[in-house]
Amino acid sequence: MNERILIIEDDPAMRLGMSHFLSSSGFRIREAETGTEALEILKKERFDIVISDIRLPGTDGLTILKKIRQDYPETGVIIITAFADIRTAIQTIKDGAFDYLAKPFSNEELLLIIERFLKIRDLESELIRLKQTLRGEDSVNKLIGVSPAMQELFDRIEAIARTDVPVLIQGESGTGKELVANEIHMRSLRRNGPYIKINCAAIPENLFESELFGHEKGAFTGATETKKGKFELASGGTIFFDEIGDMPLHLQPKLLRVLEEHTITRLGGRESIQVDVRCIYATSKNLKELVKEGKFREDLYYRINVVPINILPLRKRKEDIPRLIEHFLEHFKTKYSKPEVVISPSAYEVLLSYDYPGNVRELKHAIERAVLLSKDGVINIEDLPEEFIPEERLQERCLSTGLSLQDCLNSFEKKLIMNALKESGGKKIEAAKRLGISRKVLWKRLKEYGINLS
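Residues numbered from 1 in each chain as written. Predicted model: local features only at pLDDT ≥ 70, side-chain atom pairs only at ≥ 80, totals over all residues. Heavy atoms only, no water.

With that settled, the discussion passes to the pairing of strand E13 (residues 278-283). Strand residues, when the strand is regular, have side chains that alternate between the two faces of the sheet. Within E13, six of the six residues are buried, which leaves it mostly tucked inside the rest of the structure. Of the two faces of E13, both are covered, the one formed by Arg278, Ile280 and Ala282 as well as the one formed by Cys279, Tyr281 and Thr283. Across four bridges, the pairing between strand E6 (residues 167-170) and E13 is parallel. Across the sheet, residue Val167 finds its bridge partner in E13, namely Ile280. (Buried < 20%, exposed > 50% of the residue type's maximum accessible area, 1.4 Å probe, protein only. Helix = DSSP H or I, 4+ residues; strand = E, 2+ residues; numbered from the N terminus. Pairing = 2+ DSSP bridges.)

See the structure below:
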């Protein structure tokens with residue numbers, strides 16, 4: 001049992017008694033004698049449950065309850081009250097407390113309420129997970145794999161999800177980095193809190209700071225009203241920084257300061273605002289190389305790379321391909337009302353042997369296209385994208401189907417480009433060198449053939 005409980009009680013004997021009993025019951029306990037002390041602890045640590053007396057020196061239990069409901073909504077609050085304050089205790093239930101106990105009470109009564117809260121919380125979390133699974137696109141976008149690498153990934157997620165440790169997810173484009181981040185959040189103690197995603201490669205550099213930290217009215221031209229940034233909006237929850245390697249260099253010290261101090265200041269503002277956010281990061285770039293090149297701060301790299309998760313490309317875990325094919329096929333058969341569709345042996349063999357430079361995303365799109373184009377309930381090789389088709393089949397098709405010379409040349413050129421991209425690990429400059437063409441020509445061909453590996 002890893003649940004953490006904060007006990008706020010100014011009576012030493014009562015506080016010690018509850019602490020000893022709950023510790024022996026398997027809970028991790030932290031104590032506070034005053035409300036002021038408790039609020040300082042809550043700024044630095046997270047708890048599953050707070051047990052607080054209503055009457056406390058300094059900050060009282062009602063103020064603590066309001067603070068927790070506002071900043072830490074996933075934390076349950078149990079109020080302790082004297083019999084004369086029962087009416088006030090009932091009001092705390094309306095204000096968001098889970099339950100209350102009137103003095104005197106037994107340890108068994110306290111444990112019963114705690115267990116009831118944890119059971120209800122777990123049921124609510126399971127309901128959220130089931131709702132997400134039942135949504136159309138969410139049901140198709142989930143982590144699937146039987147390979148040792150994927151089993152190790154699942155174990156790593158399970159080990160870190162319920163902590164607040166920073167996580168850096170690394171892997172090629174299309175491997176499922178965002179899915180890993182989603183899974184970590186959904187299994188975390190923050191799963192009922194906000195979950196905000198930021199694509200660092202998609203935000204214009206001049207808007208980045210405002211997006212992260214917010215701004216005050218009049219902070220710059222066009223700032224007609226005060227706006228909260230992502231950190232404020234995500235307080236009590238999680239922020240997922242996708243493609244963290246693309247964060248502007250001049251903003252990296254500011255991000256580092258927020259991660260260390262847990263406070264932000266809006267653009268144009270002077271007030272420091274406390275934030276409580278767990279951060280997950282992902283990148284398809286080699287951050288170590290970026291550090292060497294002076295494009296990524298070394299201190300920020302070590303701050304975010306506390307627990308690394310590396311996702312292998314699909315070509316290095318081919319035992320996962322059959323399960324993924326089955327999963328995507330069933331989804332798209334249902335989505336497009338084609339329940340009878342099957343994959344021909346020759347097409348299945350091609351799907352198994354292809355190297356997937358675009359990884360799981362490329363396989364998903366290939367199956368979707370194949371289901372849509374399939375005739376008479378069968379997916380054939382011709383229903384797959386051209387880059388999947390072996391060269392000998394391309395030659396055979398050109399010679400036997402009466403395709404024009406240009407169509408044949410286009411097919412072979414597209415195939416060569418895909419091979420070069422695969423051999424270069426998706427690096428377009430290197431692929432252009434292998435093909436003996438300029439980077440500009442390669443970009444033009446990628447656009448013409450609709451090749452998108454991002």
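Buried together is how nonpolar side chains tend to be arranged in soluble globular proteins. Core analysis: the largest hydrophobic core is formed by 36 residues, its most contacted members being Leu351, Tyr356, Leu363, Ile367, Ile379, Leu384 and Phe388. Elements supplying a minimum of two residues to this core: helix H14 (321-335), helix H15 (345-353), helix H16 (359-373), helix H18 (405-423), helix H19 (428-435) and helix H20 (439-449). With residues near it in sequence (within four places) discarded, Phe388 still touches Val350, Leu351, Tyr354, Tyr356, Glu362, Ala366 and Lys415. Core analysis: the second largest hydrophobic core is formed by 31 residues, Leu168, Ile273, Val277 and Tyr281 among them. (Core = buried A, V, L, I, M, F, W, Y, C linked by side-chain atoms within 4.5 Å. Contact = heavy atoms within 4.5 Å.)

In sheet architecture, strand pairing relies on hydrogen bonds along the backbone and comes in two forms, parallel and antiparallel. Read from one edge of the open sheet, five strands run E2-E1-E3-E4-E5, paired in parallel fashion. The strands lining the two open edges of the sheet, one partner per strand, are strand E2 (28-32) and strand E5 (99-102). This sheet shows a mean twist of 20° between the axes of neighbouring strands, independent of strand direction. Judged from the four bridges that link them, strand E1 (residues 4-8) and strand E3 (residues 49-53) form a sheet pairing that is parallel. Along E3, the bridge assignment pairs Ile5 with Ile49. Contacts from helix H1 (residues 12-24) reach E1, E2, E3 and strand E4 (76-81), with the element oriented near 170° to E2. Sitting on the sheet, helix H2 (residues 35-44) touches E1, E2 and E3, and the angle it makes with E2 is about 135°. (Axes fitted to C-alpha atoms, helices over the stretch in contact; angles between N-to-C directions.)

We now examine the pairing of E6. Here E6 shows a buried face lined by Val167 and Ile169 and a second buried face lined by Leu168 and Gln170. The pairing of E6 with strand E14 (residues 307-310) spans four bridges and is classified as parallel. The partner of Gln170 across the bridge, within E14, is Asn310.

Two elements in contact, H19 and H20, have axes whose closest approach is 9 Å; the angle formed by their N-to-C orientations is 100°. Taken together, the axes of H19 and H20 lie roughly perpendicular to each other. Listed contacts from H20 to Lys428, Ile429, Ala431, Ala432 and Leu435 of H19 are Arg439, Leu442, Trp443 and Leu446. The class makeup of the residues in the contact of H19 with H20 is seven nonpolar, no polar and two charged. (Parallel < 35°, antiparallel > 145°, perpendicular 65-115°, else oblique. Nonpolar A, V, L, I, M, F, W, Y, C, P; charged D, E, K, R; others polar.)

A few words on the layout of surface pockets. In this structure, the second largest pocket encloses a volume near 660 Å³. What lines the second largest pocket is a set of 32 residues, among which Lys44, Arg46, Thr163, Asp164 and Arg190 lie closest to the centre. At four residues, the largest contribution of residues to the lining of the second largest pocket is made by H2. Among the residues forming the lining of the second largest pocket, the class breakdown is 12 nonpolar, four polar and 16 charged. (1 Å grid on protein atoms, 1.4 Å probe; cavity = no way out; pocket = protein on both sides within 12 Å on 5 of 7 lines; lining within 4 Å. Points joined across faces, edges and corners; volume = space filled by probe spheres on them.)

What follows concerns empty space enclosed by the protein. Per the counting criterion, the structure on display carries four cavities of 30 Å³ or more. Computed from the structure, the largest cavity encloses a volume of approximately 80 Å³. Across the lining of the largest cavity, the residue classes break down as two nonpolar, two polar and five charged.

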